[in-house]
Amino acid sequence: MSKEQARIPYEAKDLSVLRLAPVAVEDRPKAALELLGEMLKYKRSLRLYLDVCTHCGACAEQCHSYLGTKDPYNMPVARVELVRRVYKKFFAPGRSVFRAWEGAKDLDQETIDQWYKYFHQCNQCRRCAVFCPKGIDTAEVTIAMRELLAHLGLVTKFHAGIVKNMEKTGNNMGTPLPAIKDGLEFLEEELKEETGLDIPIPMDVERAEVLFNPSSSDLFTNTDGLMAVAKIFYKAGVSWTLSSRIAETANFGLFFHEPTMREHSRRLVQAGKELGVKRIVAGECGHGWRTWRMFTDTINGPLPFPVVHLFEEVLEYLRTGRIQFDKSKNPEVVTYHDPCNYARGGDLIEQPRELLRACVENFVEMTPTKQYSFCCGGGSGILMDEAMDLRVALGQPKAECVRATGAEILCAPCAICKAQLPVVMDHHKVDVRVKGLSDLMGLALIL
Amino acid sequence: MSVLFGWVLPYIVLIVFLGGMIHRMLVWAHVPVPFKLTVFPSPDTTGGAVLDLAKEAVGFRSLWRGKKSLWFGAWLFHIALALVLIGHFVGITFLGHQFTLFGATPEQSERLSILFGTYAGAALLIGLVFLTIRRLASPTMRFISNFADYLVLVLLLGIIGSGMYMRFFNEVPYGAVRDYLAGLFTFRPVLPPDNQAFLFHFTLVELLLLYFPSSKLMHACGLFFSRWLITRPYERQVILK
Ligand code: HEM
Ligand code: SF4
Ligand code: SF4
């Protein structure tokens, strides 16, 4: 793939929403060094990863980004080396000759360009961490470096736009509240038509048992998923509500800007507290789930309620017999794509499988699967239309895995995967429909 | 000259080696970890996590998940390295008579000692040659290698090569080596054995130890820190497995 194709278009002009002032081009190297020095003081992961790699290369063939683009800088070790060589020059301990032997190199404008390029070709999928004998999680380095780039004023238009939407409307799509409410009414009518029942999709109900936090795309594009969730809560007899403050579980701050990530988390926790719910249930979104599961307690803890995943919640209903599925409603061959941030990132491996086996007739595993699964290629918000060539290249290894299963339906319960995989499958001519797990559960649910 | 070389230098090496290693571990330990970075599936308990680390250290499980050839070379090299290090310690302390503790006669013990030492040394050399060839032969490996990666391999090849040379062609009396090392440890220095191969071997080891704390060899300690970040247990908010 050519260099031009791989480039992600610079760069959001307006960073006011991130409260960052762009740094003049000629000042970037100096500013970058200061920022890197700061990060090394508070991120043990970064420091260790720059220190302990032996350049063994075990990670190279495990990264779909390298496999899909064949660009040597996309080997996890080479990606990190772009930072390591600067670290060796300016921060590493030891005599300068020793550090020169390890490839120490000055920080120039070209290096910053390479950082921008290659840290936007890493999906933060963490697959390399599973295969690296030192447990080096390149996603951590990517997260740190995107944060550093953001402080230099280098953020993609797409990411900055999402953060702006979130701040204004409480969802990434930027849909204003009246439109959301209209949409929900429409869905309630659809539900009535389909089932003959009055199944509500409530909003801002105080003292409800559950605050459900969907991906905003579920409100408009993946509406089957949201309707399915409404049906399940209805059948289980659980009072639930959406919040008008925040209808978004996808937390793009995780990818490149920690303050945004914290703010998003704070907003959700506050919504839950104000409504006085018993727990928050996160909808289908991979990295959103990782943030809730792993970071919320650290940022905003201790929480007055747990944050659980929709699948854990529904599995509880299923195991206690409050809902039942009729498998015959899903007769197709279904395979399951593990969103990276469910399996490796968020401890959701068996739960979705138990649900799938209960609601579809023909479930086949993919190879590799579970914590070894490849990323869809859209992770970490590499979802921009401008980067279509890159997206299909990053998705290529996944496409081959799906093709080999011969499945008719690809269950991919994550908003990013759902946006990315149809594009990838189409491009690589894999004949498969992409669906969320909620959709399949909704079809099979016995009302 | 020999005072400096035989008596002063070893102490400097030891101080640089231990001090440097401890310093770097302290630096790591003092940098905070803002978030939990567990990669799943992970153990639920601290005991489980420690067991996980131990399995990783003994079996190189992560490498096993990938290309088996790299696993084999790396594992052979490191296991043999561990055996050889233990062998040096025991063999030199007991002058090859360690197996008399298990009921062997002194002659049998010496023969066993030589046998084990030769096999472990050969395994070490095979593993190392494999890793070296692997690094040199593939363009991708050369792309990610820098001078330090080759340097470490060359140093180790020199150390192990000279060790095997002494074993096969130029036997150095254990006694003289032990007296020398014991002298160093008890601060009553004795002259080093006057044997070219031994001096070469010993000097290369000193160079490696001097370089160790500044090099990627620190992975020997750092690996436990970095693996802990992704292995450490993290309790679920709701218990539903
Ligand atoms: C004195 C101690 C050690 C020395 C001298 C040493 C030496 C080396 C060398 C030279 C390499 C790079 C091989 C290459 O160039 O391809 C390496 C890699 C590696 N080491 Fe060590 N090591 C030591 C201790 C350890 C320990 C204690 C562990 C784990 C428990 C370990 C795990 C690894 C792993 C997983 C690799 C990557 C695989 C490879 O590149 O072969 N090492 N070590
Ligand atoms: S996190 Fe994923 S995309 Fe990034 S380097 Fe590792 S394997 Fe590649
Ligand atoms: S597998 Fe780990 S130690 Fe080996 S080259 Fe990759 S990042 Fe470095």
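Residues numbered from 1 in each chain as written. Chains lettered and ligands numbered in written order. Predicted model: local features only at pLDDT ≥ 70, side-chain atom pairs only at ≥ 80, totals over all residues. Heavy atoms only, no water.

(A) Layout of the overall build of chain B. Scanning chain B for helices and strands turns up 10 helices and zero strands. Mapped from its N terminus to its C terminus, chain B presents α and β elements in the order α-α-α-α-α-α-α-α-α-α. Counting all 241 residues of chain B, 43% fall into the buried class. Restricting the contact set of chain B to residue pairs at least 6 apart, pairs at least 24 apart contribute 71%. Of the side chains in chain B, 19 bear a positive and 11 a negative charge, and the two mean positions are spaced by 14 Å. (Helix = DSSP H or I, 4+ residues; strand = E, 2+ residues; numbered from the N terminus. Buried < 20%, exposed > 50% of the residue type's maximum accessible area, 1.4 Å probe, protein only. Contact = heavy atoms within 4.5 Å. Lys, Arg positive; Asp, Glu negative; His and termini not counted. Charge placed at Lys NZ, Arg CZ, Asp CG, Glu CD.)

(B) Up close: the pairing of strand β5 (residues 333-336) of chain A. Residue and element names in this part refer to chain A. Alignment of β5 against strand β6 (residues 362-364), held across three bridges, turns out to be parallel. Opposite threonine 335, over in β6, you have valine 364 as the bridge partner. In the sheet, β5 pairs with strand β7 (residues 409-411) via three bridges, with the strands oriented parallel. In the strand pairing of β7, threonine 335 is matched with leucine 410. (Pairing = 2+ DSSP bridges.)

(C) Structural context of the sheet that holds β5 of chain A. Residues and elements named next belong to chain A. Overall, parallel pairing links the four strands, which are arranged β6-β5-β7-β8 in an open sheet. Lying at the two open borders of the sheet, with one neighbouring strand each, are β6 and β8 (433-435). With strand direction ignored, the average angle separating the axes of adjacent strands in the sheet is 30°. Two elements, β7 and β8, share three bridges in a ladder whose sense is parallel. Directly across from cysteine 411, in β8, lies its bridge partner lysine 435. (Axes fitted to C-alpha atoms, helices over the stretch in contact; angles between N-to-C directions.)

(D) Highlighting the packing of aromatic side chains. If you walk through the whole model with that rule in mind, you get 26 aromatic pairs over all chains. Ring centres 6.3 Å apart and planes at 55° place the aromatic pair phenylalanine 168 of chain B and phenylalanine 169 of chain B in the tilted group. For the pair phenylalanine 168 of chain B and phenylalanine 169 of chain B, one class covers both residues: exposed. Of the aromatic side chains, those joined through ring pairs into one cluster are Phe98 and Trp101 of chain A together with Phe147 and Tyr211 of chain B. (Phe/Tyr/Trp six-rings, centres within 6.5 Å; stacked < 30°, edge-to-face > 60°.)

(E) Spotlight on the site of ligand 2. Residue and element names in this part refer to chain A. Contacts to ligand 2 come from Cys63, His64, Pro76, Arg79, Cys122, Asn123, Gln124, Cys125, Arg126, Cys128, Thr138 and Ala139. Listed by contribution, the elements that provide at least two residues to the shell around ligand 2 are α5 (76-90) and α9 (138-151). Here the shell around ligand 2 is composed, by residue class, of six nonpolar, four polar and two charged. (Near = heavy atom within 4 Å. Nonpolar A, V, L, I, M, F, W, Y, C, P; charged D, E, K, R; others polar.)

(F) Fine view of the site of ligand 1. Among the 23 residues in the neighbourhood of ligand 1, the closest are listed as Cys56 and Pro133 of chain A together with His78, Arg135 and His219 of chain B. With respect to ligand 1, the chains having nearby residues are chains A and B. Within the contact set of ligand 1, a nitrogen atom lies 2.7 Å away from a side-chain nitrogen or oxygen of histidine 78 of chain B. Between histidine 219 of chain B and ligand 1, the recorded distance is 2.7 Å, taken from a side-chain N or O atom to a nitrogen atom. Listed by contribution, the elements that provide at least two residues to the shell around ligand 1 are α4 (68-94), α5 (106-137), α7 (147-168) and α10 (219-231) of chain B. Looking at the shell around ligand 1 residue by residue, the class counts come to 17 nonpolar, three polar and three charged. (Polar contact = N/O pair within 3.5 Å; in protein donor to acceptor, adjacent residues only side chain to side chain.)

(G) Quick peek at the confidence of the model for chain B. With 97% of its residues at a pLDDT of at least 70, chain B reaches an overall mean of 92. Interface confidence for the predicted complex, expressed as ipTM, amounts to 0.94; the pTM equals 0.95. (pLDDT = per-residue confidence, 0-100.)

(H) How the structure looks around the interface of chain A and chain B. Contact with chain A, which involves 72 residues of that partner, is made by 52 residues of chain B. Between arginine 24 of chain B and aspartate 51 of chain A there is a salt bridge whose closest N-O contact spans 2.7 Å. Here chain A and chain B share 21 residue pairs in polar contact (both at pLDDT 80 or more) between them. Of all the elements, helix α16 (residues 286-300) of chain A adds the most residues to the side of chain A that touches chain B, at nine residues. Taken together, the residues that form the side of chain A that touches chain B break down as 37 nonpolar, 13 polar and 22 charged. (Salt bridge = Lys/Arg side-chain N within 4 Å of Asp/Glu carboxyl O.)

(I) Here's a closer look at helix α19 (residues 350-359) of chain A. Burial in α19 of chain A covers these residues: Gln351, Pro352, Arg353, Leu355, Leu356 and Cys359 of chain A. Next to the buried residues of α19 of chain A lie α17 (310-319), β5, β6, β7 and α23 (437-444) of chain A.

(J) Quick look at the domain arrangement of chain A. Residues and elements named next belong to chain A. Split by domain assignment, chain A resolves into domain 1 (21-154), domain 2 (170-319) and domain 3 (327-444). Across the boundary between the two partners, domain 2 contributes 29 residues, which contact 24 residues of domain 3. Buried surface at the junction of domain 2 and domain 3, summed over both partners, amounts to about 2100 Å²; 65% is from carbon and sulfur atoms. Contact with domain 3 buries area across many residues of domain 2, yet Glu284, Phe311 and Leu315 alone supply 28% of it, more than any other trio. Where domain 2 touches domain 3, the interface holds three salt bridges. (Domains from an automatic or database assignment. Buried area = accessible area lost by both parts, 1.4 Å probe.)

(K) Quick look at the environment of aspartate 113 of chain A. When you line up the elements, aspartate 113 of chain A lands in helix α7 (residues 109-118). Here the alpha-carbon distance between aspartate 113 of chain A and lysine 278 of chain A, two residues 165 residues apart in the chain, equals 47 Å.

(L) A look at a negative patch on the surface. All names here are of chain A. A contiguous patch of negative charge on the surface is contributed by Asp182, Glu185, Glu189, Glu190, Glu193 and Asp224. Among the elements that line the negative patch, the one with the most residues is helix α11 (residues 177-195), at five residues. Here aspartate 224 lies in helix α13 (residues 223-236). With a relative accessible area of 46%, aspartate 224 lands in the partly exposed category. (Patch = residues over 30% accessible without salt bridge, like charges linked within 9 Å, V, L, I, M, F, W, Y side chains within 5 Å. Areas by Shrake-Rupley, 256 points an atom, 1.4 Å probe, with all protein chains shown as cover.)

(M) How the structure looks around the side chain of arginine 290 of chain A. Inspection of the secondary structure assignment puts arginine 290 of chain A in helix α16. Buried within the structure, arginine 290 of chain A lacks any salt-bridge partner; glutamate 140 of chain A is the closest side chain of opposite charge, at an N-O distance of 4.4 Å. Among residues more than four places away in sequence, those in contact with arginine 290 of chain A are Arg126, Glu140, Ile143, Phe295, Asn341 and Gly345 of chain A together with Leu37 of chain B.

(N) Quick peek at the packing of α13 of chain A against α17 of chain A. Residues and elements named next belong to chain A. One way to put it is that α13 packs onto α17 with a least axis distance of 11 Å and a crossing angle of 35°. Judged by the sense of rotation from one axis to the other, the crossing of α13 with α17 is left-handed. Residues Val229, Ile232, Phe233 and Ala236 of α13 pack against Leu310, Glu313, Val314 and Tyr317 of α17. Residue classes in the contact of α13 with α17 are distributed as seven nonpolar, no polar and one charged. (Left-handed = near helix turned anticlockwise from the far one by under 90°.)

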